[in-house]
Amino acid sequence: MTALERYVAPRALGEALELLRDGDVTIVAGGTDVMPQSHSGKMKFGRTLLNVRRIPELAGIGLEGDTVRIGALTTITGLLESALVRERLPILAEAADHFASEQVRNGATVGGNVCNASPAGDMLVPLIVLDATIELAAKPNGSVEARAMPLQEFLTGPGRTRRAAHELLTAVRVPLPPRGFVSRFYKYGTRPALDIAAISIGLGGVRRDGRLEKVRVVFGAVAPTPIRGAATERALEGRPLDAATIEAAAQAAHDEVRPISDVRASAWYRQELVRNMTRRLLEDVARG
Ligand SMILES: Cc1cc2nc3c(=O)[nH]c(=O)nc-3n(C[C@H](O)[C@H](O)[C@H](O)COP(=O)(O)OP(=O)(O)OC[C@H]3O[C@@H](n4cnc5c(N)ncnc54)[C@H](O)[C@@H]3O)c2cc1C
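Residues numbered from 1 in each chain as written. Predicted model: local features only at pLDDT ≥ 70, side-chain atom pairs only at ≥ 80, totals over all residues. Heavy atoms only, no water.

**Some remarks on the nonpolar core**
Part 1 of the argument: Membership of the largest hydrophobic core comes to 49 residues, with the highest contact counts inside it found for V114 and L127.
Part 2 of the argument: Among residues more than four places away in sequence, those in contact with V114 are L124, L127, I134, L151, F154, L155, T161, L169 and V172.
Part 3 of the argument: If you look at the next biggest cluster of nonpolar residues, it comprises 24 residues, including I201, L241, A249 and M277. (Core = buried A, V, L, I, M, F, W, Y, C linked by side-chain atoms within 4.5 Å. Buried < 20%, exposed > 50% of the residue type's maximum accessible area, 1.4 Å probe, protein only. Contact = heavy atoms within 4.5 Å.)

Printed below as a string of structure tokens:
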């Protein structure tokens, strides 16, 4: 077993990527997952602890054409304070508002939430609703190389992603939603504050003539990764958002999730929550 030998906090992306290429590195951003996990023995540090908080390329939120680039170091507080996020991506601000406590929000980053890949990660559900893409950087042969992929593809299981050990997540990119786009986020935890989701639901779609189009429904904490609700989406797509459609969609949501029982909730209870909260979200959208 290796022991932690050094702590580094580079100010340049290239330098961080060279350290990663040399291997056996643990990345830390806000540390709100890494520190509790290492204290509890759930994870062991590599030889090098790499603090990425000083790397400017990982910071900031900005509009690039019709895409919002959210730097990996953006904190949950940073999302809440961003006028661009509040006005153009309100589902992200809604989810950030359900995230832990102020103290945790000030440290916790979007990049950390994505790379920690918890099935209950609060940022993952709204980001998948928004069809987000993640950006990775590496420096395998002397120059910095970047690649991108849909967030949903990036997440492969609890704590598992397609990030290679020598890669750093640099940003999340979100296409600006079209005119008429409506969205909602719901999270249920057993305690109102500081709780990890027992289930979460994200919904997005374009409202036209009392119907939803291009519907995206995402469920968190009911499978190894957040999942799209394909049957729920089909039950909603292009149909009048009336009581019958809402009931059919809520039933489809109940039937298509396959949650597990754990300390937070039983599988049966999670399925009931999914049905009832899908109904409530849709009624809220239908009202206006
Ligand atoms: C009290 C408490 C309450 C919490 N409540 C919630 C909650 O309500 N909702 C929720 O979703 N989470 C919650 N969390 C979990 C945690 O705060 C989030 O997952 C947070 O977003 C992690 O971000 P971080 O910057 O602290 O990540 P870190 O702990 O620094 O890192 C997390 C993981 O991501 C990797 N990583 C970080 N940045 C990068 C990068 N740029 N490139 C590659 N890998 C990277 C690290 O190596 C590590 O594996 C809570 C945690 C605590 C301690």
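Once you've had a look at it, read on.
**Some thoughts on the packing of aromatic side chains**
Part 1 of the argument: The full count for this structure, using the stated rule, is one aromatic pair.
Part 2 of the argument: Geometrically, the ring pair formed by Y188 and Y269 is edge-to-face, given 6.0 Å between the ring centres and 80° between the ring planes. With a gap of 81 residues between them, Y188 in strand β11 (residues 181-188) and Y269 in helix α12 (residues 267-287) connect regions that are remote in the sequence.
Part 3 of the argument: Judged by its relative accessible area of 33%, Y269 falls in the partly exposed class. (Phe/Tyr/Trp six-rings, centres within 6.5 Å; stacked < 30°, edge-to-face > 60°. Helix = DSSP H or I, 4+ residues; strand = E, 2+ residues; numbered from the N terminus.)

**A closer look at the sheet that holds strand β13 (residues 211-220)**
Part 1 of the argument: The strand order across the open sheet built from four strands is β11-β12-β13-β14, with neighbouring strands paired in antiparallel fashion. The open sheet has two edge strands, β11 and β14 (227-228), and neither has a second partner.
Part 2 of the argument: Strand direction decides the pairing type here: β11 and strand β12 (residues 199-208), joined by eight bridges, are antiparallel. The residue bridging Y186 from the neighbouring strand is I201, located in β12.
Part 3 of the argument: Across the sheet, α12 touches β11, β12 and β13, and the angle it forms with β12 is around 30°. (Pairing = 2+ DSSP bridges. Axes fitted to C-alpha atoms, helices over the stretch in contact; angles between N-to-C directions.)

**Some points on the site of the ligand**
Part 1 of the argument: Taken together, 28 residues lie near the ligand, and I27, A29, T32, D33 and T109 sit nearest.
Part 2 of the argument: Separating an oxygen atom of the ligand from a side-chain N or O atom of K187 is a distance of 3.0 Å.
Part 3 of the argument: For the ligand, whose unbound accessible area comes to 990 Å², protein coverage reaches 88%.
Part 4 of the argument: Among the secondary structure elements, those contributing two or more residues to the shell around the ligand are β2 (25-28), α6 (102-107), α7 (110-116) and β10 (168-175).
Part 5 of the argument: Among the elements that make up the shell around the ligand, the one with the highest residue count is α7 (four residues). (Near = heavy atom within 4 Å. Polar contact = N/O pair within 3.5 Å; in protein donor to acceptor, adjacent residues only side chain to side chain. Areas by Shrake-Rupley, 256 points an atom, 1.4 Å probe, with all protein chains shown as cover.)

**So, the pairing of β13**
Part 1 of the argument: Most of β13 is tucked away: seven of the 10 residues are buried.
Part 2 of the argument: Where β12 and β13 come together, eight bridges link them in antiparallel fashion. Paired with G202 across the two strands is V218, which belongs to β13.
Part 3 of the argument: Hairpin remark: β12 followed by β13, antiparallel, with two residues in the connecting loop; positive phi at D209, about 50°.
Part 4 of the argument: Relative to β14, β13 runs antiparallel, the two sharing two bridges. Among the inter-strand pairings, V218 is bridged to a residue of β14, identified as R228.
Part 5 of the argument: Adjacent in sequence and paired antiparallel, β13 and β14 are bridged by six residues, among which A221 carries a positive phi angle near 65°.

**Brief notes about the domain arrangement of the chain**
Part 1 of the argument: For the chain, the domain assignment lists domain 1 (6-51), domain 2 (58-174) and domain 3 (181-287).
Part 2 of the argument: Distance between the C-alpha centres of domain 1 and domain 3: 36 Å. (Domains from an automatic or database assignment.)

**Here's the deal with empty space enclosed by the protein**
Part 1 of the argument: Within the structure shown, the criterion is met by one cavity of 30 Å³ or more.
Part 2 of the argument: The space that makes up the largest cavity amounts to roughly 30 Å³.
Part 3 of the argument: Taken together, I201, L203, V217, T278, L281 and L282 make up the lining of the largest cavity.
Part 4 of the argument: With three residues, the single largest contributor to the lining of the largest cavity is α12.
Part 5 of the argument: Residues of the lining of the largest cavity, tallied by class, amount to five nonpolar, one polar and no charged. (1 Å grid on protein atoms, 1.4 Å probe; cavity = no way out; pocket = protein on both sides within 12 Å on 5 of 7 lines; lining within 4 Å. Points joined across faces, edges and corners; volume = space filled by probe spheres on them. Nonpolar A, V, L, I, M, F, W, Y, C, P; charged D, E, K, R; others polar.)

**Thoughts on the pairing of β2**
Part 1 of the argument: The alternating pattern of β2 places T26 and V28 on a buried face, while none of V25 and I27, on the opposite face, is buried.
Part 2 of the argument: When β2 meets strand β3 (residues 48-51), the two strands line up parallel, connected through four bridges. Within β3, the residue paired with V28 across the bridge is N51.
Part 3 of the argument: Each parallel crossover has a hand, and for β2 linked through helix α2 (residues 34-39) to β3 it is right-handed. (Right-handed = clockwise from strand over helix to strand, strands pointing away.)

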